[in-house]
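Reading the structure
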Amino acid sequence: KDLIITYSITDDGTGHIDMYMKVLDDNRVLMGAYVAPFANNDQTFNAPRIDANAAFLEAYVKTDGTSFTVERIPMPGHRNSSFGRIPFTYINSTFFNGVNLWPATPFNNWVGGRNTAEARWNEVLPDMTHVWIDSTELSFYSGAIHCVTRTIPAVAAADWVDDGSCGGESCVAPEGGYEGLCQPASVAEEICWG
């Protein structure tokens, strides 16, 4: 087995490869592509990194003598938030039972890119049903569909935990509930959820 290391995008807080690349099958990968008109510094920083990843994987010879086919899909760009400049993605999807749940947003100025991404998903995986999920809020906290569907809580499974309430600046929670800040990083609403 070989270990292949790729460049990450420069401003993603997760550091996850699934933000810009997805394995489609044994011989194909889907790689993001930052395309004009570029937003912010994508032309300078992220586009060359992702393009280098694609070129490397296309030229790479696997141990069985074959190579990868690298399919490309546009990256939607970034949005500013109280956390800083946040990268969004159409790649961070989850496959199950012939369905591909992929992240997107309803931003008016991204409808064209979302439609292009949907067409691309249909081209590279024509036998699957592709459903975009509004991942706006999730994306502002880093990651998207694949990231959260791969998360296993670090606690034992339990019954539903009721929401807490904000007491000063920290949440007052029932046993097993969230006890952190009511509004971390100055989010607009209290997050004292169960």
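Located above this text is the structure these notes cover.
By convention here, each chain's residues receive numbers from 1 onward along its written sequence. In keeping with the model being predicted, local features are shown solely for residues with a pLDDT of at least 70 and side-chain atom pairs are shown and tallied solely at 80 or more, while totals for entire chains, interfaces and linings include all residues. In computing side-chain values, all of the structure's heavy atoms are included and hydrogens and water are not.

Tallying secondary structure elements over the protein chain gives four helices and 10 strands in all. Principal-axis analysis of the C-alpha atoms places the extent of the protein chain at approximately 60 × 35 × 30 Å. The cut-offs for exposure are 20% and 50% of the maximum accessible area for each residue type, with area from a 1.4 Å probe on protein chains only; residues under the lower value are buried, those over the upper are exposed, and the others partly exposed. A buried classification covers 39% of the 194 residues belonging to the protein chain. Note on contacts: a residue pair is in contact if any heavy atoms of the two residues lie within 4.5 Å. Contacts in the protein chain between residues far apart in sequence, at least 24 positions, make up 59% of those at least 6 positions apart. Of the roughly 11,100 Å² that the protein chain leaves accessible, carbon and sulfur atoms contribute 54%. Taking the average place of the 11 positive charges on the side chains of the protein chain and the average place of its 24 negative ones, the gap between the two points comes to 11 Å. For helices the rule is a DSSP run of H or I covering at least 4 residues; for strands it is a run of E covering at least 2, with both sets numbered from the N terminus onward. The Shrake-Rupley method, run with a 1.4 Å probe, gives the accessible areas here. Residue values count only the displayed protein chains as cover. Within this scheme the basic residues Lys and Arg register as positive and the acidic residues Asp and Glu register as negative, but His and the chain ends are omitted. All charge positions are set by atom: Lys at NZ, Arg at CZ, Asp at CG, Glu at CD.

We call a pair of cysteine sulfur atoms a disulfide whenever their separation is within 2.5 Å. Within the structure shown, the criterion is met by two disulfides. With its sulfur 2.0 Å from that of its partner, cysteine 166 forms a disulfide with cysteine 182. Torsion about the S-S bond of the cysteine 166 and cysteine 182 cystine: about 100 degrees, corresponding to right-handed handedness. Of this pair, cysteine 166 sits in strand β9 (residues 165–167) while cysteine 182 sits in the segment after β10 (170–172), placing them 16 residues apart in sequence. The exposure class of cysteine 182 is buried, given its relative accessible area of 2%. Disulfide pairing places cysteine 171 opposite cysteine 192 at an S-S distance of 2.0 Å.

A few words on the pattern of salt bridges. A pairing counts as a salt bridge when a side-chain nitrogen of Lys or Arg comes within 4 Å of a carboxyl oxygen of Asp or Glu. Across all of its chains, the model carries five salt bridges by this definition. Measuring nitrogen to oxygen at the nearest pair gives 2.9 Å for the salt bridge that ties aspartate 25 to arginine 28. In this structure aspartate 25 comes out as partly exposed when scored by relative accessible area, which is 32%. When its relative accessible area of 19% is taken as the criterion, arginine 28 is described as buried. A salt bridge links aspartate 51 to arginine 72, with the shortest nitrogen-to-oxygen separation between them at 2.8 Å. With a gap of 21 residues between them, aspartate 51 in helix α1 (residues 46–59) and arginine 72 in strand β3 (residues 69–74) connect regions that are remote in the sequence. Assessed through its relative accessible area of 24%, arginine 72 is described here as partly exposed.

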